[in-house]
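Listed below are the residues making up each chain.
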Amino acid sequence: MIRNQLVTSVEQIYEGVNPCTSITVHETDNPRIGANAQAHANLQSGGNVRQASWHIQVDEDEAIRSYPDAAQCWHAGTREGCETSIAVEICVNADGDYDKAFTRAAAVVAELRTEHGLPRSAVVQHEHWTGKNCPSRMRLTGRWAEFVNLTDPNPKESTPMSTMVNPVPGWVSSEWSKNRRNPATGVLTSHAGLDIAAKKGTLVVAAFAGRVFTVRTGSYRGDPRHGYGPKTGNHVGIQNSDGAVQYYGHLNTTGCKVGQWIEQGEIIGTVGDTGMVTGAHLHFETWSNKNLNSHFNPRILFNKYGISPGVGGGAGAVKPAGSVSSPAKKPSKHPASGGNSKADNKAIQKALKEMGLYKGRLDGRDEAMQKAAVKAFQEAHGLVPDGHWGGKTQTVFDLNKRIQTALRKHGYTKQTVDGYIGKQTTFNLKHFQRHHGLVPDGDPGPITRKYLGI
């Protein structure tokens, strides 16, 4: 939704790279007729006579980018604001529609927030940096809160953190410390996170919901390179709605991308031994914001939410399904005479129990509890929720197990085989689709099933 008309000159920007940790909202303060987004873009392209520059200008019809987000434009009045913030100018020309420009600008900021993983607290006024009365019209009419609300890329991003889940089951092998002897190098240095040892390949989930702002892949054991964090190999960084950050390091594989919204408990990767390590573990850091130096002891959060690191949680909390080390026996086909036998119902109940949908005894009675569980299965798989396990329900159940079995054969060894397509199976399907050039939508359609060999 942002058209590029990039300025080729670098005379009116700083030489560094903008980390894009905030978005500054301005108004052009130019009410002249014709002073729209195109006019301001042309002004910058032609060599602005003012000692000023900005990234994007917006009117009621379009948004035009003059400088890439990584440019350090001269717009905020302070060096910090110019070097770290993306500038969005809203046109106020008399022949324009300010209300529409206001709404379009909010949509542009929402897009930038998604791209850079920024919380709503990162959206600031020009006034924030210097005290200047800008954006003046928005401030005069008291519409700032309205504007910020419109920039939420996802309503979930305005929801504060209220619970925490363990990112991985295991045991604490090293605590956060200001002065620890690094077991890999022997050097005394700070340890910015808490290490939870676990078997390589163990699923890692998000401790809190948030948006991914950094992902690294392609690392290896002993990799000395610094990524977003120091020598922590493959990693994922997630920023929450309140601006706080969790950083997951030394991963073997990652299963998300920058800009993606991650639900709490959603799988984001697997435990590994990439980077400078002595063994497989998750390096878990907590930051106050996206500044690397804002890290604090993760124990503070674990204690706050009453959780012991490595105990419980992990991928087991992803969906309500029990262990399926011995998959449930397949329920028999729906008899032609109509109605299932007691033996059929016991098999159905056992299958539903494996999925975590049925809590009763295996008594073979097709009564309220079984019907409710069958309805839950049917609703989750797009079937008519009539509570009766008939031929169509059986067909979907059979196909689901074939899909899950195929995923296990393709290397997803932690994949359950219980006939329920929940978050775990959907995550693995998306991962499989991405690696085979398919649309990663998690839908096991005909093309995906063909690649799975079904």
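Residues numbered from 1 in each chain as written. Predicted model: local features only at pLDDT ≥ 70, side-chain atom pairs only at ≥ 80, totals over all residues. Heavy atoms only, no water.

A separate point is the overall build of the chain. Secondary structure assignment for the chain yields twelve helices and 20 strands. Considering the chain as a whole, with its 454 residues, one finds that 52% of them fall into the buried category. For the chain, restricting intrachain contacts to residue pairs at least 6 apart in sequence, the fraction spanning at least 24 positions comes to 65%. Taken as a whole, the chain presents about 20,500 Å² of accessible surface, with 52% of it coming from carbon and sulfur. (Helix = DSSP H or I, 4+ residues; strand = E, 2+ residues; numbered from the N terminus. Buried < 20%, exposed > 50% of the residue type's maximum accessible area, 1.4 Å probe, protein only. Contact = heavy atoms within 4.5 Å. Areas by Shrake-Rupley, 256 points an atom, 1.4 Å probe, with all protein chains shown as cover.)

What follows deals with the pairing of strand β14 (residues 210-216). Along β14, six of the seven residues are buried, which leaves the element largely enclosed by surrounding structure. Of the strand pairs in this sheet, β14 and strand β17 (residues 261-262) are connected by two bridges, and their pairing is antiparallel. The partner of G210 across the bridge, within β17, is I262. The pairing of β14 with strand β15 (residues 234-239) spans five bridges and is antiparallel. Within β15, the residue paired with T214 across the bridge is G237. (Pairing = 2+ DSSP bridges.)

Structurally, D366 can be placed in the loop between α8 (342-355) and α9 (368-380). Taking the relative accessible area as the measure of exposure, D366 reaches 26% and is therefore partly exposed. Other than its neighbours up to four places away in sequence, D366 contacts N345, K371, G387 and H388.

Below, the discussion takes up α8. Side chains of residues three or four places apart in an α-helix project in the same direction, reflecting 3.6 residues per turn. Along its 14 residues, α8 runs 20 Å from first to last C-alpha, staying within 8% of the 20 Å computed at 1.5 Å per residue. Taken together, the buried positions of α8 are D344, N345, A347, I348, Q349, A351, L352, E354 and M355. Packed against the buried residues of α8 are α9 and α10 (391-409). Of the residues trailing α8, G356 is marked for its positive phi of about 85°. (Expected span 1.5 Å × (residues − 1).)

Right, let's talk about the packing of α8 against α9 for a bit. With their axes 10 Å apart at the nearest point, α8 and α9 run at an angle of 55° to one another. Regarding the angle of α8 to α9, the classification is oblique. The two elements α8 and α9 meet at a crossing, and its hand is left-handed. Facing α8, whose interface residues are N345, I348, Q349, L352 and M355, α9 presents Q370, A373, V374 and F377. Looking at the contact of α8 with α9 residue by residue, the class counts come to six nonpolar, three polar and no charged. (Axes fitted to C-alpha atoms, helices over the stretch in contact; angles between N-to-C directions. Parallel < 35°, antiparallel > 145°, perpendicular 65-115°, else oblique. Left-handed = near helix turned anticlockwise from the far one by under 90°. Nonpolar A, V, L, I, M, F, W, Y, C, P; charged D, E, K, R; others polar.)

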